[in-house]
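# Fold and contact review
In case you want the letters, here they are:
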Amino acid sequence: MTTVTMMGNPIEIKGHFPQKGEKVEGITLTNKDLADINLESFAGKRKVLNIFPSVDTGVCAMSVREFNQRAANLNNTVVLCISADLPFAQARFCGAEGIENVQMLSTFRHKEVHDQLGVNMVTGPIASLTARSVIVLDENNQVLHSELVSEIKNEPNYDAAVAVL
């Protein structure tokens, strides 16, 4: 198992976190309309997967805001913000914040995604949520960049994620 920290305390992460050159497939999530959606729904586009525990925390909300701003300048790229939050909470956050350039997707019906993406926190106070990470995929879902943030309270490296696009 992989380990990250939360305020310096170790958190065990289950699953294989995708590395550069690997292919990501078989991922199903739920969108704001409660419809199941997969990566093939974004065929021909590059994808930034911004994965985080919950939009109701400051750092998670900041990552959505930051990627929303950066997404406005990305060509042929979709930014998918992924958490276990219910789509209703995600939509409420986006409406209140004026978030329009990213798509919010939920794992609430598809917890297997936590293991598939290697972000399943299995210990600690927020176990069963997803660890903070960013995975950038090309048009064929090959990993161009991946970052499993070592400290849950830290933001991801936005510049590194966008630089590969």
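Summary of the structure given here. (Residues numbered from 1 in each chain as written. Predicted model: local features only at pLDDT ≥ 70, side-chain atom pairs only at ≥ 80, totals over all residues. Heavy atoms only, no water.)

## Focus on the overall build of the protein
- In terms of regular secondary structure, the protein is built from four helices and ten strands.
- Beginning at the N terminus, the succession of helices and strands in the protein can be written as β-β-β-β-β-α-β-α-β-α-β-β-β-α.
- Scaling as 2.2 N^0.38, a compact globule of 165 residues should have a C-alpha radius of gyration of about 15 Å, and the protein matches this with 14 Å.
- Once the C-alpha set of the protein is aligned to its principal axes, its extents read approximately 40 × 35 × 30 Å.
- Residues counted as buried form 49% of the 165 residues belonging to the protein.
- Of all intrachain contacts in the protein linking residues separated by at least 6 positions in sequence, the fraction that spans at least 24 positions is 68%. (Helix = DSSP H or I, 4+ residues; strand = E, 2+ residues; numbered from the N terminus. Rg over C-alpha atoms; globule rule 2.2 N^0.38 Å. Buried < 20%, exposed > 50% of the residue type's maximum accessible area, 1.4 Å probe, protein only. Contact = heavy atoms within 4.5 Å.)

## A short note on unusual backbone geometry
- Its identity as a non-glycine residue notwithstanding, leucine 34 has a phi of 65 degrees, on the positive side.
- Within the secondary structure, leucine 34 is located in the loop between strand 3 (28-30) and strand 4 (36-38).
- Taking the relative accessible area as the measure of exposure, leucine 34 reaches 35% and is therefore partly exposed.
- Positive phi, normally seen in glycine, also occurs at asparagine 141, with a value near 65 degrees.

## As for the layout of surface pockets
- Volume-wise, the largest pocket comes out at about 200 Å³.
- Considering the residues around the largest pocket, the lining is formed by Asn31, Lys32, Asp33, Gln90, Ala91, Cys94, Ile99, Glu100, Val102, Gln103 and Met104.
- Per-element tally for the lining of the largest pocket: the top contributor is helix 2 (residues 87-97), with three residues.
- A class-by-class count of the residues in the lining of the largest pocket yields five nonpolar, three polar and three charged. (1 Å grid on protein atoms, 1.4 Å probe; cavity = no way out; pocket = protein on both sides within 12 Å on 5 of 7 lines; lining within 4 Å. Points joined across faces, edges and corners; volume = space filled by probe spheres on them. Nonpolar A, V, L, I, M, F, W, Y, C, P; charged D, E, K, R; others polar.)

## Some details on the packing of aromatic side chains
- Tallying each qualifying case throughout the model produces one aromatic pair.
- For the ring pair phenylalanine 67 and tyrosine 158, a centre distance of 5.1 Å and an interplane angle of 75 degrees mean the geometry is edge-to-face. Of this pair, phenylalanine 67 sits in helix 1 (residues 58-71) while tyrosine 158 is found in helix 4 (residues 158-163), placing the two residues 91 residues apart along the sequence. (Phe/Tyr/Trp six-rings, centres within 6.5 Å; stacked < 30°, edge-to-face > 60°.)

## Let's talk about the nonpolar core
- In this structure, Leu49, Leu80, Leu117 and Ile135 are the most contacted members of the largest nonpolar core, which totals 27 residues.
- Here the element with the most residues in this core is strand 6 (residues 77-83); it accounts for three residues.
- The contact partners of leucine 80, leaving out residues within four places of it in the chain, are Leu39, Phe42, Val48, Leu49, Asn50, Gln103 and Leu105.
- Of all hydrophobic cores here, the second largest spans 20 residues; its members include Val48, Ile99, Val134 and Tyr158. (Core = buried A, V, L, I, M, F, W, Y, C linked by side-chain atoms within 4.5 Å.)

## Here we look at the sheet that holds strand 1 (residues 2-6)
- The strand order 1-2-8 describes an open sheet built from three strands, whose pairing is antiparallel. Strands with a single pairing partner mark the edges of an open sheet, and in this sheet they are strand 1 and strand 8 (120-121).
- Sheet topology places strand 2 (residues 9-14) next to strand 8; two bridges connect them, and they run antiparallel. Residue lysine 14 lies in a different strand from strand 8, and its bridge partner there is asparagine 120. (Pairing = 2+ DSSP bridges.)

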